[in-house]
Amino acid sequence: MGSNYPVDMSVKPDVKAFFDPETWTISYVVKDPNSDACAVVDSVMDIDYAAGRITYKSADEIIAYIKEQGLKLEWLIETHVHADHLSAAPYIQDALGGKIGIGEHIVTVQETFGKVFNEGTEFQRDGSQFDRLFKDGDTYTVGTMHCFAMHTPGHTPACMVHVMGDATFTGDTLFMPDGGSARADFPGGDAGVLYDSIQKVLALPDDMRLFMCHDYGPNGRDIAWETTVGAEKEHNIHVGGGKSKDDFVKFRTERDAQLAMPRLIIPSLQVNMRAGELPPPDQDGKTFLKVPVNGL
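Residues numbered from 1 in each chain as written. Predicted model: local features only at pLDDT ≥ 70, side-chain atom pairs only at ≥ 80, totals over all residues. Heavy atoms only, no water.

As annotated in an unreviewed UniProt entry, the chain is MBL fold metallo-hydrolase from Celeribacter ethanolicus.

Next up, the structure:
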């Protein structure tokens, strides 16, 4: 392990998962075992895309749980700018407080998609919509629990994996062993870089708990979201068993060429690059999302 990653397997946070069937996303409430402090990882705001209607059922479940348990929300962590669901971080923050954090390379994503969506000069491309921009190895606390962020680009430039005691939140860098890994063909993605990032995660202790941001129930199995570093090293269908970087890049590139764009990529990127806020309303007070024609 690089000495810059302060792993502490003796701290075992309580992890409560919330599965959103619409987007196959798992959000988490992570509680410090020694206090009432908690963090939320990768929350979901609901959108009926066909109707253009935003609702908050998923986020309300998380808020209700935190209140029922008498917890104090300190952090709202975004592992990356998601392309398949909208973040509910500001909505939850309004209800419960806490700071919203994402990787510092959000600025790269904002620069790229600021152009794609033809955002005007009023759209800040400096990450200032977020309360904290994490660098590789940055530490923070949830109550008494020391946590840190690992920069794991490849799926997107801003991807971070967050380690809280013996629990690691992988974002889209890794899926369950039978699910493999995330695509690497979005703007700023790179299959070779993703392979290297996955190796950083697999260098964590074998009994480190890993929590996925997505699961699609491959081959009809039940939805699952928790595994270990050891299980991934041995069984992950894309990188396990010592698969080489060349093999991974060849497989990932061919596979990505067959994948459709995520259903919610257009609304997701516009909202998530703003830390979960909708674009500002027009002069009549109406809010719109744009669809760039042939822009992605």
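We are not done yet, so read on.
A. Geometry of the side chain of His85. Along the chain, His85 turns up in the loop between β6 (72-77) and α2 (89-96). Within the local environment of His85, its side chain forms a polar contact with the side chain of Asp84, the two groups lying 3.1 Å apart. Ignoring sequence-local partners within four residues, the contact set of His85 consists of Thr23, Thr25, Asp42, Ser43, Val44, Cys213, His214, Ser268 and Asn272. (Helix = DSSP H or I, 4+ residues; strand = E, 2+ residues; numbered from the N terminus. Polar contact = N/O pair within 3.5 Å; in protein donor to acceptor, adjacent residues only side chain to side chain. Contact = heavy atoms within 4.5 Å.)

B. Molecular detail of the nonpolar core. Within the largest apolar cluster, 37 residues are counted, with the highest numbers of intra-cluster contacts made by Val29, Val40, Ile66 and Ile92. Elements represented by at least two residues in this core include exactly β3 (37-41), α1 (57-68), β6, α2, β7 (99-103), α3 (106-116) and α7 (265-272). Among the elements that line this core, the one with the most residues is α1, at five residues. If near-sequence neighbours (up to four positions away) are discounted, Ile92 is found in contact with Val40, Ser43, Ala59, Ile62, Ile63, Leu73, Leu76 and Gly97. (Core = buried A, V, L, I, M, F, W, Y, C linked by side-chain atoms within 4.5 Å. Buried < 20%, exposed > 50% of the residue type's maximum accessible area, 1.4 Å probe, protein only.)

C. Inspection of the packing of α1 against α2 at higher detail. The contact between α1 and α2 brings their axes to 10 Å, and the two run at 30 degrees. Here α1 lies roughly parallel to α2, going by the angle between them. Two packed elements cross with a definite hand, and for α1 against α2 that hand is right-handed. In this structure, α1 uses Ala59, Asp60, Ile62, Ile63, Ile66 and Lys67 to contact α2, whose residues at the interface are Tyr91, Ile92, Ala95 and Leu96. Residues of the contact of α1 with α2, tallied by class, amount to eight nonpolar, no polar and two charged. (Axes fitted to C-alpha atoms, helices over the stretch in contact; angles between N-to-C directions. Parallel < 35°, antiparallel > 145°, perpendicular 65-115°, else oblique. Left-handed = near helix turned anticlockwise from the far one by under 90°. Nonpolar A, V, L, I, M, F, W, Y, C, P; charged D, E, K, R; others polar.)

D. Summary view of the packing of aromatic side chains. This structure, assessed with the given rule, holds 14 aromatic pairs. Three or more aromatic residues joined by ring pairs form one cluster here, namely Phe19, Trp24, Phe175 and Tyr216. Sitting above the plane of the Phe18 ring, Lys16 keeps its charged end 5.7 Å from the centroid. (Phe/Tyr/Trp six-rings, centres within 6.5 Å; stacked < 30°, edge-to-face > 60°. Lys NZ or Arg CZ within 6 Å of the ring centre and 35° of its normal.)

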